[in-house]
Amino acid sequence: MKTLNCYQFGVCVLDFISNNVHNPNYLKLWKTALKTKQVEVSLVTDANNVPAFVNKGTIYKVKVNNDEVYYSLDKKNNVHYFDSSDRASLIEIGSIKLRQILLAVNQPQNQSKVKQVIKYVDVK
């Protein structure tokens, strides 16, 4: 798989946490993303106002239709993922090493579905 930029990586995070961590909110977004072929990934610039984001690195929001989830990438290449029904009550629900996501996404059975969505990533 080609080298991913951080926006395309958001798609991989969505896929990984849906299928390997079995988080229902991420799974819902991933299924909708596959169906609609639309994902928006954006940098969160006001992360300082959210306690869950403190010391978690660069924060990104992944949005599909009107649903959204958050993930971050810290300086040690840990990916943190967050969940909640609203941003005010966000909590970190786990973290994983970057290489684990890349290994899972680069498996042959995962590549085609991830590539299918990556080409529709809308960077805003």
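Note: the structure precedes this text.
How each quantity is defined
- Residues numbered from 1 in each chain as written.
- Predicted model: local features only at pLDDT ≥ 70, side-chain atom pairs only at ≥ 80, totals over all residues.
- Heavy atoms only, no water.
- Helix = DSSP H or I, 4+ residues; strand = E, 2+ residues; numbered from the N terminus.
- Expected span 1.5 Å × (residues − 1).
- Buried < 20%, exposed > 50% of the residue type's maximum accessible area, 1.4 Å probe, protein only.
- Arc of directions from axis to C-beta.
- Polar contact = N/O pair within 3.5 Å; in protein donor to acceptor, adjacent residues only side chain to side chain.
- Core = buried A, V, L, I, M, F, W, Y, C linked by side-chain atoms within 4.5 Å.
- Contact = heavy atoms within 4.5 Å.
- Phe/Tyr/Trp six-rings, centres within 6.5 Å; stacked < 30°, edge-to-face > 60°.

Draft legend 1. Broad picture of helix α2 (residues 24-36). The terminal C-alpha atoms of α2 lie 18 Å apart, and with 13 residues this matches the ideal 18 Å at 1.5 Å per residue to within 8%. Of the residues making up α2, those classed as buried are Y26, L29, W30 and A33. The buried residues of α2 occupy an angular sector of 100° when projected down its axis, which confines them to one face. Across α2 from its buried face, at more than 90 degrees, point the exposed residues P24, K31 and K35. Between the side-chain oxygen at the start of α2 and the backbone nitrogen of N25 there is a gap of 3.1 Å, and the oxygen is on N23.

Draft legend 2. Quick look at the nonpolar core. By size, the foremost hydrophobic cluster in this structure holds 30 residues, and its most contacted members are F9 and I101. At the level of elements, α1 (6-19), α2, β1 (39-43), β2 (58-64), β3 (67-73), β4 (78-83), α3 (98-105) and α4 (108-118) are the ones that each hand at least two residues to this core. At seven residues, α1 tops the list of elements feeding residues into this core. When residues no more than four places from it in sequence are discounted, the contact partners of F9 are L4, Y71, V79, L98, I101 and L102. With nine residues, the next largest nonpolar core counts V44, F53, Y70 and L90 among its residues.

Draft legend 3. Main features of the packing of aromatic side chains. Counted according to the given criterion, the structure contains five aromatic pairs. Residues F53 and F82 carry aromatic rings whose centres are separated by 4.9 Å and whose planes lie at 85° to one another, so their mutual orientation is edge-to-face. Within this pair, whereas F53 is found in the loop between β1 and β2, its partner F82 is found in strand β4, the two being separated by 29 residues in sequence. Accessibility classification places F53 together with F82 in one group, the buried group. Ring geometry for Y60 and Y71: centres 5.1 Å apart, planes at 20°, overall stacked. Residue Y60 is located in strand β2, and its partner Y71 is located in strand β3; the two are separated by eleven residues in the primary sequence. Under the relative-accessibility criterion, Y60 is labelled buried at 9%. The buried category is assigned to Y71, whose relative accessible area is 1%.

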